[in-house]
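Fold and geometry: a report
Here is how the chains run, residue by residue.
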Amino acid sequence: MYKIPAKTLFTGQNLIYVPECHSTNTLMSDMLPRQPLPEGTVVVSDFQTAGRGQRGNSWESGRGMNLTFSVLFTPTFVEVTHQFDLTRVVSLAVADVVGRYLPVRIKWPNDIMVNDRKICGILIENQVQGNRLSKSIVGIGLNIHQRHFSSPLASSLALESHHTFVSAEVLEHLLEALEHRYLQLRQHQQELLRQHYLEHLYWKGESHQFLVQEQLTEGTIQGVDLEGRLQLQTAHGTSFFRLKEIRYLA
């Protein structure tokens, strides 16, 4: 059974467990207008019937095999133009935990990769007030025990490490890491977070093929700018891309 983490100030101190739901992000979003939820509230479920990922994709997860949960943050100190810093926070927190067991990279914007396979997906849904974020629902799906996937590009902690894990312990470590990285952002350590994100960036400095406007393009990832755009060096110069403007071909 999942328990309230002992080492966090607020993250997971209000923990809501549901055996099954459509999506923990959707459930939390539906709860917010009806009841006040403190920052750090966590909704965790053993199974999502309609888990969601980036680009409107679904998220595949076997019943009771993985961690699927959402965390509520109120990052009112983050300007809308710099909201990608929150993506860095969450990606690094997951990488911090997965990195205890396996070599890990972050595939822009926030896929967690181990041995060129996706082991975790992140979906952040922000609410905005004025020029700042007001609320952020951070959904995380970390594959832990699942061993069979419809995609050959997906994997799990158990598959990659050949070890067994206790999901409740992994969740506790994740909530501690999330709070640690989030507090770094709140303490204005953006440059540190940006540096650490670049150090983990998948394919950084390597030449690969991408799909840009349905055209095959070869380029080298140089980094990510303050707005969260991928910086790609090609034969035609440096270009910057948002999420739906470029696809990895691998």
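These remarks concern the structure in this document. The structure presented is a predicted model; accordingly, all values stated were derived computationally and were not measured.

**Looking at the overall build of the protein**
Per the secondary structure count, the protein includes five helices and twelve strands. The C-alpha radius of gyration computed for the protein amounts to 18 Å, which stays within 12% of the reference 18 Å derived for 250 residues, consistent with globular compactness. Seen along its three principal axes, the alpha-carbon backbone of the protein occupies a region of about 55 × 45 × 30 Å. Counting only contacts in the protein whose residues sit at least 6 apart along the sequence, the fraction spanning at least 24 positions is 64%. When the accessible surface of the protein is summed, it comes to about 11900 Å², and 48% of that surface belongs to carbon and sulfur atoms.

**Considering the sheet that holds strand β2 (residues 42–48)**
Pairing is mixed in the open sheet, where seven strands are placed in the order β1-β2-β3-β7-β6-β5-β4. Either end of the sheet is taken by a strand with one partner, and the two such strands are β1 (15–21) and β4 (105–107). Averaged over all adjacent pairs, the angle separating strand axes in this sheet is 20 degrees, with direction ignored. Strand direction decides the pairing type here: β4 and strand β5 (residues 111–114), joined by three bridges, are antiparallel. In the sheet register, K107 faces β5, and the bridge partner there is D111. Along the sheet, helix α1 (residues 24–31) contacts β1, β2, β3 (67–73), β6 (117–129) and β7 (132–142); its crossing angle with β2, the most-contacted strand, is approximately 135 degrees.

**Details of the pairing of β5**
By the alternation rule, side chains of β5 split into D111 and M113 and I112 and V114, which are all buried. A loop of three residues connects β4 with β5, the two strands running antiparallel in sequence. Bridge analysis of β5 against β6 gives three bridges, and the strand direction is antiparallel. The partner of M113 across the bridge, within β6, is K118. Counted along the chain from β5 to the antiparallel partner β6, the turn is two residues long, and its residue N115 has a positive phi close to 55 degrees.

**Let's talk about the pairing of β3**
Most of β3 is tucked away, with seven of its seven residues classed as buried. On β3, burial covers both faces: L67, F69, V71 and F73 on one face and T68, S70 and L72 on the other are all buried. Where β3 and β7 come together, seven bridges link them in antiparallel fashion. Residue F73 lies in a different strand from β7, and its bridge partner there is S136.

**Section: the packing of aromatic side chains**
Per the counting criterion, the structure on display carries ten aromatic pairs. Taken together, the aromatic side chains of F10, F73, F77 and Y182 make up a single cluster linked through ring pairs. The positively charged end of R88 is found above the aromatic ring belonging to Y197, 5.6 Å away from the centroid. K107 extends its terminal NZ or CZ atom over the ring of Y248, reaching a point 4.7 Å from the ring centre.

**Re α1**
Within the sequence span of α1, burial applies to T24, N25, M28 and M31. Looking down the long axis of α1, one finds its buried residues gathered within 130 degrees of arc, a one-sided arrangement. Packing partners of the buried residues in α1 comprise β1, β2, β3, β6 and β7. One side-chain oxygen of the residue at the start of α1 lies 3.3 Å from the amide nitrogen of N25, identifying that residue as S23.

**Looking at the nonpolar core**
In a soluble, globular protein the nonpolar side chains are often hidden away together inside. Of all hydrophobic cores here, the largest spans 62 residues; its most connected members are L67, F69, W108, I112, I140, L142 and L178. With sequence-adjacent residues up to four places away left out, I112 is seen in contact with S91, V94, A95, V98, V104, R105, I106, R117, K118, I119, C120 and I122. In this structure, V18, L37, V43 and L72 belong to the second largest nonpolar core, which totals nine residues.

**A look at unusual backbone geometry**
Residue W108 is joined to P109 through a cis peptide bond whose omega torsion reads 5 degrees. By secondary structure assignment, the location of P109 is in the loop between β4 and β5. A positive phi angle, near 55 degrees, is found at N115, a position not held by glycine. In this structure, N115 sits in the loop between β5 and β6. Classification of N115 by relative accessible area gives partly exposed; the value is 41%.

Rules used throughout
Residues numbered from 1 in each chain as written. Predicted model: local features only at pLDDT ≥ 70, side-chain atom pairs only at ≥ 80, totals over all residues. Heavy atoms only, no water. Helix = DSSP H or I, 4+ residues; strand = E, 2+ residues; numbered from the N terminus. Rg over C-alpha atoms; globule rule 2.2 N^0.38 Å. Contact = heavy atoms within 4.5 Å. Areas by Shrake-Rupley, 256 points an atom, 1.4 Å probe, with all protein chains shown as cover. Pairing = 2+ DSSP bridges. Axes fitted to C-alpha atoms, helices over the stretch in contact; angles between N-to-C directions. Buried < 20%, exposed > 50% of the residue type's maximum accessible area, 1.4 Å probe, protein only. Phe/Tyr/Trp six-rings, centres within 6.5 Å; stacked < 30°, edge-to-face > 60°. Lys NZ or Arg CZ within 6 Å of the ring centre and 35° of its normal. Arc of directions from axis to C-beta. Polar contact = N/O pair within 3.5 Å; in protein donor to acceptor, adjacent residues only side chain to side chain. Core = buried A, V, L, I, M, F, W, Y, C linked by side-chain atoms within 4.5 Å.

These figures capture arrangement, not role.
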